Amino acid sequence: QVQLVESGGGLVQPGGSLRLSCAASGSIESIDAMAWYRQAPGKRRELVAQIMSGGTTNYSDSVKGRFAISRDNAKNTVYLQMSSLKAEDTAVYYCFALIQATRAAAINRYWGQGTQVSVSS
């Protein structure tokens, strides 16, 4: 079984920083794209940032210049460094990955369980 486990959420003051981590584990053949999504109360889940296997990144306009996504392919881990946090960044953050599991017929989508990020003074 493949699973994604997130860590690093918490409460931070406006202007502060947090680093989220997400490690993929299980019988993994390869990992294509990895990404972070977020969902605020009463809102739809939205893409925050994604990173391809080759390192190409993409960010939503709302976090561009403040957040940085990176990955360690040797550890099957993706990170989200969040800086200059604002109250509107408050949400549950979900890790996402496209993974080819060992002996699987195709690449499948996997989600983490979510980690709460709260920005408040």
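Presented here is a report on the structure given in the accompanying data block. (Residues numbered from 1 in each chain as written. Predicted model: local features only at pLDDT ≥ 70, side-chain atom pairs only at ≥ 80, totals over all residues. Heavy atoms only, no water.)

**Some points on the overall build of the protein**
In step 1: Secondary structure assignment for the protein yields zero helices and eleven strands.
In step 2: Written out in order from the N terminus, the α and β elements of the protein read β-β-β-β-β-β-β-β-β-β-β.
In step 3: Each principal axis of the C-alpha distribution contributes one length, and for the protein these read about 50 × 25 × 25 Å.
In step 4: Within the span of the protein, comprising 121 residues, buried residues form 42% of the whole.
In step 5: For the protein, contacts bridging at least 24 residues in sequence account for 55% of all contacts bridging at least 6.
In step 6: As displayed, the protein offers around 6,500 Å² of accessible surface, 45% of which is attributable to carbon and sulfur atoms.
In step 7: In the protein, 12 side chains carry a positive charge and 8 a negative one; their mean positions are 2 Å apart. (Helix = DSSP H or I, 4+ residues; strand = E, 2+ residues; numbered from the N terminus. Buried < 20%, exposed > 50% of the residue type's maximum accessible area, 1.4 Å probe, protein only. Contact = heavy atoms within 4.5 Å. Areas by Shrake-Rupley, 256 points an atom, 1.4 Å probe, with all protein chains shown as cover. Lys, Arg positive; Asp, Glu negative; His and termini not counted. Charge placed at Lys NZ, Arg CZ, Asp CG, Glu CD.)

**A closer look at the sheet that holds strand 1 (residues 3–7)**
In step 1: Taken in spatial order, the four strands line up as 1-3-8-7 in an open sheet, and their pairing is antiparallel. Because the sheet does not close on itself, it has two edges, and the strands there are strand 1 and strand 7 (67–72). The mean angle between the axes of side-by-side strands here comes to 15°, regardless of whether they run parallel or antiparallel.
In step 2: When strand 3 (residues 18–25) meets strand 8 (residues 77–82), the two strands line up antiparallel, connected through six bridges. Bridging across to strand 8, Ser21 finds its partner in Tyr79. (Pairing = 2+ DSSP bridges. Axes fitted to C-alpha atoms, helices over the stretch in contact; angles between N-to-C directions.)

**Here's the deal with the nonpolar core**
In step 1: Core analysis: the largest hydrophobic core is formed by 32 residues, its most contacted members being Trp36, Leu80, Met82, Tyr93 and Ile99.
In step 2: Looking at this core, the elements with two or more residues in it are strand 3, strand 4 (28–39), strand 5 (46–51), strand 7, strand 8, strand 9 (91–101) and strand 11 (115–119).
In step 3: Among the elements that make up this core, the one with the highest residue count is strand 9 (six residues).
In step 4: Non-local contacts of Tyr93, meaning those with residues more than four positions away in its chain, are made with Glu6, Leu20, Trp36, Tyr37, Arg38, Val48, Phe67, Leu80, Met82, Gly114, Thr115 and Val117. (Core = buried A, V, L, I, M, F, W, Y, C linked by side-chain atoms within 4.5 Å.)

**Considering the state of the cysteines**
In protein structure, a disulfide is the covalent linkage between the sulfur atoms of two cysteines.
In step 1: Applying the stated criterion to the full structure yields one disulfide.
In step 2: The residue that forms a disulfide with Cys22 is Cys95, at a sulfur-sulfur distance of 2.1 Å. Disulfide Cys22 to Cys95: torsion about the S-S bond roughly -80°, handedness left-handed. Here Cys22, found in strand 3, pairs with Cys95, found in strand 9; they are 73 residues apart in sequence, far enough to count as distant.
In step 3: Cys95 gets classed as buried once you look at its relative accessible area, which sits at 0%. (Disulfide = S-S within 2.5 Å.)

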